[in-house]
Amino acid sequence: MSGDNAYLGSERLDEITRMLTELASEVWILRDRTLVLEHLLRERGCLDEDAVDALRPSGDLLERLGRERGDFVGRVFGAVLDPDARVAAATARTGPAA
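Residues numbered from 1 in each chain as written. Predicted model: local features only at pLDDT ≥ 70, side-chain atom pairs only at ≥ 80, totals over all residues. Heavy atoms only, no water.

## Remarks on the overall build of the protein
Part 1 of the reasoning: A count of helices and strands for the protein gives 4 helices and 0 strands.
Part 2 of the reasoning: Along the protein, from the amino end to the carboxyl end, the secondary structure elements read α-α-α-α.
Part 3 of the reasoning: Within the span of the protein, comprising 98 residues, buried residues form 10% of the whole.
Part 4 of the reasoning: In the protein, the proportion of contacts linking residues at least 24 apart, taken out of those at least 6 apart, comes to 42%.
Part 5 of the reasoning: Split by element, the accessible area of the protein, about 7,900 Å² in all, is 59% carbon and sulfur. (Helix = DSSP H or I, 4+ residues; strand = E, 2+ residues; numbered from the N terminus. Buried < 20%, exposed > 50% of the residue type's maximum accessible area, 1.4 Å probe, protein only. Contact = heavy atoms within 4.5 Å. Areas by Shrake-Rupley, 256 points an atom, 1.4 Å probe, with all protein chains shown as cover.)

Printed below as a string of structure tokens:
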């Protein structure tokens, strides 16, 4: 993207804005889903009030959390990459299309 196409007057400012927008979107989606899931689980008697905070992940869950964290960091901080680099990074994370 050239400086002439910058929405906010600066290519770097546009990149930072994309990164913050992606981060805000991810945070809200996760918070919303977490609140809904915890509510449903408590309502059905499947989750004690402090169970989530008391959990110490291990094994498969710990590995999955690590992968998800890596994907999250790539999406958020990858926003400052040029479009071709963002596509390449996303493809590397998810693998080639089937």
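Structure's up, so let's keep going.
## Topic: a nonpolar patch on the surface
Part 1 of the reasoning: A surface patch of nonpolar side chains, about 370 Å² in accessible area, is lined by Tyr7, Leu8 and Leu13.
Part 2 of the reasoning: Its location among the elements puts Leu13 in helix α1 (residues 11–43).
Part 3 of the reasoning: Among the residues examined, Leu13 registers a relative accessible area of 40% and is labelled partly exposed. (Patch = residues over 30% accessible without salt bridge, like charges linked within 9 Å, V, L, I, M, F, W, Y side chains within 5 Å. Salt bridge = Lys/Arg side-chain N within 4 Å of Asp/Glu carboxyl O.)

## Looking at α1
Part 1 of the reasoning: Along its 33 residues, α1 runs 48 Å from first to last C-alpha, staying within 8% of the 48 Å computed at 1.5 Å per residue.
Part 2 of the reasoning: Buried within α1 are the following residues: Asp14, Glu15, Met19, Glu26 and Glu38.
Part 3 of the reasoning: Summarising the contacts, the buried residues of α1 are in contact with α2 (51–54) and α3 (59–77).
Part 4 of the reasoning: The opening residue of α1, the one whose side-chain oxygen lies 3.3 Å from the backbone nitrogen of Arg12, is Ser10.
Part 5 of the reasoning: Following α1 by one or two positions, Gly45 has its phi on the positive side, about 75°. (Expected span 1.5 Å × (residues − 1). Polar contact = N/O pair within 3.5 Å; in protein donor to acceptor, adjacent residues only side chain to side chain.)

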